[in-house]
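These are the residues of each chain, in order.
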Amino acid sequence: MPPKFIPLTQIKSALISVYHKENLEPIIKKLHALNVTIYSTGGTEAFIRGLDVPVVPVEDLTAYPSIMGGRVKTLHPKIFGGILGRRDLDGDKEEMAKYEIPNIDLVIVDLYPFEETVASGASEADIIEKIDIGGISLIRAAAKNFKDVMIVPSMELYPELLRILESNNGATTIEERKMFAGAAFDISSHYDSAIYGYFTDDRDVASLKVSESSFLPLRYGENPHQKGRFYGDLNEIFDQLNGKDLSYNNLLDVDAAVQLMSEFLDDKPTFAILKHNNACGLATRIKLKDAYTDALAGDPTSAFGGVLISNKEIDTATAEEINKLFCEVVIAPGYSDKALDILCSRKNRIILVQKSADFPSVVLRSALNGVLWQDRDEVSDKAEDFDFVTNEKPSDSEVNDLLFASRICKHTKSNTIVLAKGNQLLASGTGQTSRVDALQQAIAKAKHFGFDLNGASMASDAFFPFPDCVEIAKEAGITAVIQPGGSIKDQLSIDYCNENGVSMVFTGTRHFKH
């Protein structure tokens, strides 16, 4: 059977106008070797001349100079006609001949660095000038007419373009042009989404536009039969020093760990251990090793296969203790050389260095046939906001424990109760359908691992609709309670605390986490 014939379109002319000129030289020289007529503008034209390659200024084609400080250079019928003209349509060919519009077979153009300019903290005037008009128009026009025109919208595509030019002797297939057109619309839509985001930041708007230009393929999703991807750039947040690729479930746990530890970044050495997005151990101590061992004591069973995170550089003594545990991921701002050698002794253990990075201020979540949008919960309870609603007031150490427990509670699945004492998580009840169940789970767990609850503090993510929780807490030895308040039956809980010497504070802020 003879090979299938694939029609080729020869590139005879090219328009090149780029902001970034890295790696452009081999393309220019190859086009010159293929006798391609090159049109260009401004800095790109000068760059091409510097390579001793003939180039036709766009101004010679349009008979108009670049005007308005370079804002208008390529926006002209002779340019866009040459790109959009349909080579198989007699009417288009007649008009192109009438108005002396040349065919343009290849367009190489990129866009002003809008996102980078915003991120740099530039003035609004500078940001606005980085909104590309001509470039985005050229990209869309060439991509629309992919049947006849090849569009190269980014220098990331230069290697593939060069391969095509060399393998096909300067000709392209419809499949290649369509593939590049898809990449062009990907780039243009992302660019427009970034601009939209700048103009609508912190405003209530009717449209939701999310665009991530990079993604990480995952082995699978939450379960092996589900596909999974991560959209975003993990390298902005972490340096991975060891281990296998992060999985879908790893990423959920890592996110939970990072968000939880953000509450303790400025504290003394703090260590947390998480499993299925919830803290099963957390402690703050003078020495990091002690913080780790006391965090592990909170639930050594659940810690198996967990995610570990520290707010300080991990030293040798701490690493030696960690190495006794099978864990999936370790996260820290740094590691001593010896600590790193110890932790990397297990080849699959994922070791991450957390960088300083900003996180999105909003949370998105798919639901039904749409997306839920909300502000991130960035409110942390503070002692100055306490409403001391009982006769008994918490001691200074109890206030410290209440705040400690509250910070953990905020990052634990609802319904939740968190028990703490002496800057140590004693136990938590997580993801229960009733607050009573969450409390009973926490008490049972604390007792199972040998903790004395006398003098412990309790945090709840939401109010108590009945006094049963404070009754159970008192019977277990808990002496201080922090909760949002807001139930129509708050007074029942307050009365019980007053009658039994339990201190309770209201914060006025609920911290549901579903």
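Parameters at a glance
- Residues numbered from 1 in each chain as written.
- Predicted model: local features only at pLDDT ≥ 70, side-chain atom pairs only at ≥ 80, totals over all residues.
- Heavy atoms only, no water.
- Helix = DSSP H or I, 4+ residues; strand = E, 2+ residues; numbered from the N terminus.
- Buried < 20%, exposed > 50% of the residue type's maximum accessible area, 1.4 Å probe, protein only.
- Contact = heavy atoms within 4.5 Å.
- Arc of directions from axis to C-beta.
- Axes fitted to C-alpha atoms, helices over the stretch in contact; angles between N-to-C directions.
- Parallel < 35°, antiparallel > 145°, perpendicular 65-115°, else oblique.
- Left-handed = near helix turned anticlockwise from the far one by under 90°.
- Nonpolar A, V, L, I, M, F, W, Y, C, P; charged D, E, K, R; others polar.
- Pairing = 2+ DSSP bridges.
- Expected span 1.5 Å × (residues − 1).
- Phe/Tyr/Trp six-rings, centres within 6.5 Å; stacked < 30°, edge-to-face > 60°.
- Patch = residues over 30% accessible without salt bridge, like charges linked within 9 Å, V, L, I, M, F, W, Y side chains within 5 Å.
- Areas by Shrake-Rupley, 256 points an atom, 1.4 Å probe, with all protein chains shown as cover.
- Salt bridge = Lys/Arg side-chain N within 4 Å of Asp/Glu carboxyl O.

S.K.: Is there a simple way to explain the side chain of Thr412 in this structure?
M.R.: Structurally, Thr412 can be placed in the loop between helix 15 (396-410) and strand 19 (417-420). Owing to a relative accessible area of 1%, Thr412 belongs among the buried residues under this scheme. Residues contacting Thr412, with those up to four places away along its chain left out, are Asn278, Val418, Thr430 and Lys513.

S.K.: Teacher, can you tell me more about helix 18 (residues 490-500) here?
M.R.: Think of an α-helix as 3.6 residues a turn; residues three or four steps apart then line up on the same face. Buried residues of helix 18: Asp490, Ser493, Ile494, Tyr496 and Cys497, and no others. Around the axis of helix 18, the buried residues are gathered within 160 degrees of arc, so they sit on the same side. The inward-facing, buried residues of helix 18 abut helix 17 (468-476) and strand 23 (503-506). Positive backbone phi, approximately 70 degrees, marks Gly501, located one or two places after helix 18.

S.K.: How should the packing of helix 17 against helix 18 be read in this particular structure?
M.R.: The relative placement of two packed helices is expressed as an angle between their axes plus a distance between the axes. Contact pair helix 17 / helix 18: the axes reach a minimum separation of 8 Å and the direction vectors enclose 25 degrees. Considering the angle they form, helix 17 stands roughly parallel to helix 18. The hand of the helix 17/helix 18 crossing is right-handed. In contact with Val470, Glu471 and Lys474 of helix 17, helix 18 contributes Ser493, Tyr496, Cys497 and Asn500. Among the residues forming the contact of helix 17 with helix 18, the class breakdown is three nonpolar, two polar and two charged.

S.K.: Before we go on, may I ask you to explain the sheet that holds strand 22 (residues 480-483) in this structure?
M.R.: Two pairing modes exist for strands in a sheet, parallel and antiparallel, and in both the strands are linked by backbone hydrogen bonds. In spatial order, the strands read 18-23-22-21-19-20; together these six strands make up an open sheet with mixed pairing. Unpaired on one side and paired on the other, strand 18 (387-388) and strand 20 (425-429) mark the two borders of the sheet. For strand 18 and strand 23, the ladder comprises two bridges, and the chain directions are antiparallel. Note on strand 23: the bridge partner recorded for Phe388 is Val505.

S.K.: Hey, could you run me through the sheet that holds strand 3 (residues 37-40) in this one?
M.R.: Spatially, 4-3-2-5-6 is the arrangement adopted by the five strands of the open sheet, whose pairing is parallel. At either margin of the open sheet sits one strand with a lone partner, and together these are strand 4 (56-57) and strand 6 (150-152). With two bridges joining them, strand 3 and strand 4 adopt parallel strand pairing. Bridge pairing in strand 4 links Tyr39 to Val56.

S.K.: I tried to follow helix 16 (residues 435-448) on my own but got confused; where do I start?
M.R.: The end-to-end C-alpha distance of helix 16 is 20 Å, a good match for the 20 Å that 14 residues give at a rise of 1.5 Å each. Among the residues of helix 16, Arg435, Ala438, Leu439, Ala442, Ile443 and Ala446 are the ones counted as buried. Buried residues in helix 16, looked at end-on, bunch into an arc of 130 degrees, giving them a common side. Exposed side of helix 16, more than 90 degrees from the buried face: Lys447 and His448 are the residues found there. Gly450, located one to two residues past helix 16, shows a positive phi value of around 85 degrees.

S.K.: Please explain the environment of Tyr19 as it appears in this structure.
M.R.: As for its position among the elements, Tyr19 is in the loop between strand 2 (13-17) and helix 1 (25-33). According to the relative accessible area criterion, Tyr19 is partly exposed, its value standing at 38%. As for Tyr19 and Gly43, which are separated by 24 residues in sequence, their C-alpha atoms are 8.2 Å apart. Setting aside residues no more than four positions away along its own chain, Tyr19 makes contact with Asp110, Leu111, Tyr112, Pro113 and Lys130.

S.K.: For this particular structure, what's the right way to read the packing of aromatic side chains?
M.R.: Both the distance between ring centres and the angle between the ring planes are used here to describe each pair of aromatic rings. Scanning the entire structure with this criterion turns up nine aromatic pairs. When the centroid spacing of 6.3 Å and the interplanar angle of 65 degrees are considered together, the rings of Phe114 and Tyr191 count as edge-to-face. One end of the pair, Phe114, is in helix 6 (residues 114-119); the other, Tyr191, is in helix 10 (residues 174-200), with 77 residues separating them in the sequence. An identical accessibility class is assigned to Phe114 and Tyr191; each is buried.

S.K.: Explain a nonpolar patch on the surface here, please?
M.R.: A grouping of Leu208, Val210, Leu364, Val371 and Trp373 is seen on the molecular surface, where their side chains present a nonpolar patch of about 490 Å² in accessible area. Relative to the helices and strands, Val210 resides in the loop between helix 10 and strand 8 (215-217).

S.K.: Explain the pattern of salt bridges here, please?
M.R.: Two side chains with opposite charge may pair up if their charged atoms get near one another. This structure, assessed with the given rule, holds 15 salt bridges. For Lys410, the salt bridge is made with Glu263, and the minimal N-O distance between the two is 2.8 Å. Taken together, the residues span a long stretch of sequence, with Lys410 in helix 15 and Glu263 in the loop between helix 11 (248-261) and strand 11 (270-275) at a distance of 147 residues. Exposure remark for Lys410: the relative accessible area of 6% places this residue in the buried category.

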